[in-house]
Amino acid sequence: MKWEIVCLDEIDSTNRWMKEHGSGDMVVVADYQTAGRGCGTNRWESQRGRNLLFSLLLHPKDIDVRHQFRISEVVSVALCDTLEEYATGFSIKWPNDIYWHDSKICGMLTENRVVGQSLTESIVGIGLNVNQQEFLSDAPNPVSLCQIVGHGVDRTTLLQSFLHRLESLWSVEGVGDTYRRRLYRRGMECIYEDVEGRFPATLTQVEPDGRLVLTMSDGKERRYAFKEVSFII
Ligand code: BTN
């Protein structure tokens, strides 16, 4: 894959920019976003020039719409592998946040274009906390790579390493298994919350379509799509 990399000083949102200008295999990176978007209605806060804020334009070949979760699997595993070059303790919080112990280092916003039954284009926006020392927004549990390793980290090297890993993972069988092995809180009984309230359960599986499977103490299973359940941390 030969990426065209576009670097911007400031933009509203790299995902929004990519939707308007993207073509081919492209990466757009910004030093600052004036309207960085998180999942749902959340904003993504990031200090100017400190972190990695970028969007990838992917053209997955032959991905049936029912298998679009594979994109989250591959990108999450590539991010985790990249971060593990610097430290240990990273995991994937379903569906596609990257955590270091109980703190969030990276978030992902994926926007897919589907034609008929096929996924034709995917914009994957990634916000990775690299060199930020203080977090002023109300994000509950942020952490940066610099706070973890105790020194500043070169953002270009980090991005290049991630792109390299991403390319090699596309064709690898078993990335889905790696994704599942790396899941935050897999196999541990913890507290979750759905529309009916809080309850203890164990994360036992993620379905191929991306739904989370929680198993209750009586062995009954509950299945959730994204945003239908939250982790109590
Ligand atoms: C989340 O809420 O966890 C997802 C955060 C995604 C943030 C990134 S930063 C680069 C890209 N552009 C955006 O506007 N959002 C994503």
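Residues numbered from 1 in each chain as written. Predicted model: local features only at pLDDT ≥ 70, side-chain atom pairs only at ≥ 80, totals over all residues. Heavy atoms only, no water.

Asker: Give a description of the sheet that holds strand E10 (residues 212–215) that names residues and reports values.
Answerer: As a general point, the strands of a sheet are linked pairwise by backbone hydrogen bonds and lie either parallel or antiparallel. Sheet architecture is open: five strands sit in the order E11-E10-E9-E8-E12, paired in antiparallel fashion. A single partner strand is all that each edge strand has here, and the edge strands are strand E11 (221–224) and strand E12 (230–231). As paired strands, strand E8 (residues 189–194) and strand E9 (residues 197–206) are joined by six bridges and run antiparallel to one another. By the bridge assignment, glutamate 189 is partnered in E9 with threonine 202. (Pairing = 2+ DSSP bridges. Helix = DSSP H or I, 4+ residues; strand = E, 2+ residues; numbered from the N terminus.)

Asker: Could you give an account of the nonpolar core, naming the residues involved and the relevant values?
Answerer: With 58 residues, the main nonpolar core has Leu56, Ile105, Ile126 and Phe162 as its most contacted residues. Among the elements that line this core, the one with the most residues is helix H2 (residues 69–83), at nine residues. Val6, Ile11, Ala30 and Leu57 belong to the second-largest nonpolar core, a separate cluster that totals nine residues. (Core = buried A, V, L, I, M, F, W, Y, C linked by side-chain atoms within 4.5 Å. Buried < 20%, exposed > 50% of the residue type's maximum accessible area, 1.4 Å probe, protein only.)

Asker: Residues and numbers for the packing of H2 against helix H4 (residues 155–169), please.
Answerer: As a packed pair, H2 and H4 sit with axes 9 Å apart at the nearest point and diverge in direction by 135°. In terms of their interaxial angle, H2 and H4 are classed as oblique. Crossing angle aside, the handedness with which H2 passes H4 is right-handed. Across from Arg70, Val74, Val75, Val77, Ala78, Leu79, Asp81 and Thr82 in H2, the residues of H4 making contact are Leu158, Ser161, Phe162, Arg165, Leu166 and Leu169. For the contact of H2 with H4, the class distribution of residues is nine nonpolar, two polar and three charged. (Axes fitted to C-alpha atoms, helices over the stretch in contact; angles between N-to-C directions. Parallel < 35°, antiparallel > 145°, perpendicular 65-115°, else oblique. Left-handed = near helix turned anticlockwise from the far one by under 90°. Contact = heavy atoms within 4.5 Å. Nonpolar A, V, L, I, M, F, W, Y, C, P; charged D, E, K, R; others polar.)

Asker: So what's going on with the environment of methionine 108? Which residues, and what values?
Answerer: Along the polypeptide, methionine 108 turns up in strand E6 (residues 103–115). Of the residues examined, methionine 108 reaches a relative accessible area of 3% and is grouped as buried. For the pair methionine 108 and isoleucine 126, spaced 18 residues apart in the sequence, the C-alpha separation amounts to 4.6 Å. Ignoring sequence-local partners within four residues, the contact set of methionine 108 consists of Cys39, Val75, Ser76, Leu79, Asn96, Asp97, Val124, Gly125 and Ile126.

Asker: Give me the site of the ligand: which residues, what numbers.
Answerer: Around the ligand, the surrounding shell holds 20 residues, and the nearest of these are Ser13, Gln33, Arg37, Cys39 and Lys104. The side chain of threonine 14 places a nitrogen or oxygen atom 3.0 Å from a nitrogen atom of the ligand. One nitrogen or oxygen atom from the side chain of lysine 104 is found 2.7 Å from an oxygen atom belonging to the ligand. With the chains in place, 98% of the 420 Å² that the ligand exposes on its own is no longer accessible. Listed by contribution, the elements that provide at least two residues to the shell around the ligand are helix H1 (14–21), strand E3 (52–58), E6 and strand E7 (118–128). The leading source of residues in the shell around the ligand is E6, at four residues. (Near = heavy atom within 4 Å. Polar contact = N/O pair within 3.5 Å; in protein donor to acceptor, adjacent residues only side chain to side chain. Areas by Shrake-Rupley, 256 points an atom, 1.4 Å probe, with all protein chains shown as cover.)

Asker: Pulling in residues and values, what's your account of the packing of aromatic side chains?
Answerer: Scanning the entire structure with this criterion turns up eight aromatic pairs. Ring centres of phenylalanine 69 and tyrosine 179 lie 5.5 Å apart, and the angle between their planes is 90°; on these two criteria the pair is classed as edge-to-face. Here phenylalanine 69 is found in helix H2, whereas its partner tyrosine 179 is found in helix H5 (residues 175–181), with 110 residues between them in sequence. Among the residues examined, tyrosine 179 registers a relative accessible area of 0% and is labelled buried. Ring geometry for tyrosine 99 and tyrosine 184: centres 4.9 Å apart, planes at 45°, overall tilted. Taken together, the residues tyrosine 99 in strand E5 (residues 97–100) and tyrosine 184 in the loop between H5 and E8 connect sequence positions 85 residues apart. In this pair, the class of tyrosine 99 matches that of tyrosine 184, namely buried. Counting every residue linked through ring pairs, the aromatic cluster contains Tyr99, Tyr184, Tyr192, Phe199, Tyr224 and Phe231. In this structure, arginine 48 is placed above the aromatic ring of tyrosine 32, and the distance from its NZ or CZ to the ring centre is 4.2 Å. The ring of phenylalanine 199 has arginine 222 sitting right over it, with the charged end atom 4.5 Å from the ring centre. (Phe/Tyr/Trp six-rings, centres within 6.5 Å; stacked < 30°, edge-to-face > 60°. Lys NZ or Arg CZ within 6 Å of the ring centre and 35° of its normal.)

Asker: An account of the pattern of salt bridges is requested, with residue identities and associated values reported.
Answerer: Evaluated as defined, the whole model comprises 20 salt bridges. Across the pair aspartate 97 and lysine 93 runs a salt bridge, and its minimum N-O distance is 3.8 Å. Lysine 93 carries the same exposure label as aspartate 97, and that label is buried. Residue glutamate 121 is joined to arginine 113 by a salt bridge in which the shortest nitrogen-to-oxygen separation is 3.8 Å. Here the salt bridges share partners, and the residues they tie into one network are Asp12, Arg16 and Glu20. (Salt bridge = Lys/Arg side-chain N within 4 Å of Asp/Glu carboxyl O.)

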